[in-house]
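# Results of the structural survey
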Amino acid sequence: RRPPKKNYGSGSRCLGYVCDATKAEGWEGPATAPLALATMKKHAAKEYRTLEEFWPYYLQEHSHKTTKLLHFVGTGLAGGFLVRLLLTQQPMNLVYGLLAGYGFAWTSHFFVEQNKPATFKYPAFSLLSDLRLFGEILRGKHQVL
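Residues numbered from 1 in each chain as written. Predicted model: local features only at pLDDT ≥ 70, side-chain atom pairs only at ≥ 80, totals over all residues. Heavy atoms only, no water.

### Examining the overall build of the protein chain
The criterion, for reference: Each helix corresponds to a stretch of at least 4 residues labelled H or I by DSSP, and each strand to a stretch of at least 2 residues labelled E; elements are numbered beginning at the N terminus. Note on areas: these come from Shrake-Rupley sampling with a 1.4 Å probe, and a residue is covered only by the protein chains present in the view.
For the protein chain, the helix and strand inventory stands at 6 helices and 2 strands. In sequence order, the secondary structure elements of the protein chain are arranged as β-β-α-α-α-α-α-α. A total accessible area of about 9,000 Å² is found for the protein chain, and carbon and sulfur atoms account for 65% of it.

### Points about the environment of H109
Here is the rule: Think of it in three bands: with a 1.4 Å probe and only protein chains considered, a residue is buried below 20% of the maximum accessible area for its type, exposed above 50%, and partly exposed in between. Residue contacts are counted whenever heavy atoms from the two residues lie within 4.5 Å of one another. Counted as a polar contact is a pair of N or O atoms within 3.5 Å, where, for protein atoms, one must be capable of donating a hydrogen and the other of accepting one, and residues adjacent in sequence contribute only when both atoms are in side chains.
Looking at the secondary structure, you find H109 in helix 5 (residues 92–113). Look at H109 and you get buried, because its relative accessible area is 3%. Residues H109 and H71, spaced 38 residues apart in sequence, show a C-alpha to C-alpha distance of 9.6 Å. In this structure H109 touches E61, H62, H71, Q114, N115 and P117, once residues within four positions along its chain are discounted. Only 3.2 Å separates the side chain of H109 from the side chain of H62, close enough to count as a polar contact.

### Notes on the nonpolar core
Note the cut-off: Among buried residues, those of type Ala, Val, Leu, Ile, Met, Phe, Trp, Tyr and Cys that are joined through side-chain atoms within 4.5 Å constitute a nonpolar core.
Y48, F54, W55, Y57, Y58, A118, Y122, F125, L133, I137 and V144 together form the largest nonpolar core, which totals 11 residues. Listed by contribution, the elements that provide at least two residues to this core are helix 3 (51–61) and helix 6 (123–138). In terms of residues, this core owes the most to one element, helix 3, which gives 4 residues. For W55, the contacting residues outside a window of four places in its chain are S129, R132, L133 and E136.

### Considering helix 5
Each full turn of the α-helix corresponds to 3.6 residues, which orients residues three or four apart in the same direction. Here is the rule we go by: Helix span, as expected, comes to 1.5 Å for every residue beyond the first.
When the terminal C-alpha atoms of helix 5 are compared, their 30 Å separation across 22 residues agrees well with the 32 Å that a helix rising 1.5 Å per residue should span. Buried within helix 5 we find N93, G97, A100, G101, A105, S108, H109, V112 and E113. Each element contacted by the buried residues of helix 5 is listed here: helix 3 and helix 4 (65–88). Q114, located one to two residues past helix 5, shows a positive phi value of around 55 degrees.

### Some words on helix 3
When helix 3 is considered as a whole, its buried residues turn out to be F54, W55, Y57, Y58 and E61. Where helix 3 is buried, its residues meet helix 4, helix 5 and helix 6.

### Overview of the confidence of the model for the protein chain
Parts of the prediction with low pLDDT should not have their coordinates interpreted in detail. Definition in use: A residue's pLDDT is the predictor's confidence in that residue, given on a scale from 0 to 100.
Per-residue confidence for the protein chain gives a mean pLDDT of 81; residues scoring 70 or more make up 69%. Note on residues 5–32: pLDDT under 50 across the span, and 42 contacts to partners over four residues away in sequence or across chains.

Shown next, in the form of structure tokens:
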């Protein structure tokens, strides 16, 4: 389910969680939408140097249960194909794993979150965060159903 869009005057609309983030910083009312865009640009322009710095951004970009579920399925399938690659030595398992992992994840970003996958700018942090999310879902830290 997508976050609710909120109207803050002048026909400006923004995603609820973005506007809520700017409200948390003390901004409210019609000026919130432009400030929300500035906040989004600030986060998009930020350079992450460590996985711990990147993790809150990753969670923000994976806020929907459906996104987390699709990432979980894709990561699980990719891991299964990796094990199969090691057992059978058939290179097509690598291709299948990449298609499964990225296919499920990117589908969730483009159609559920409607954002750009972090993989393009932070491939290593994104992969490590996918694995961390997978583990946290297994331990019940994130609700996906």
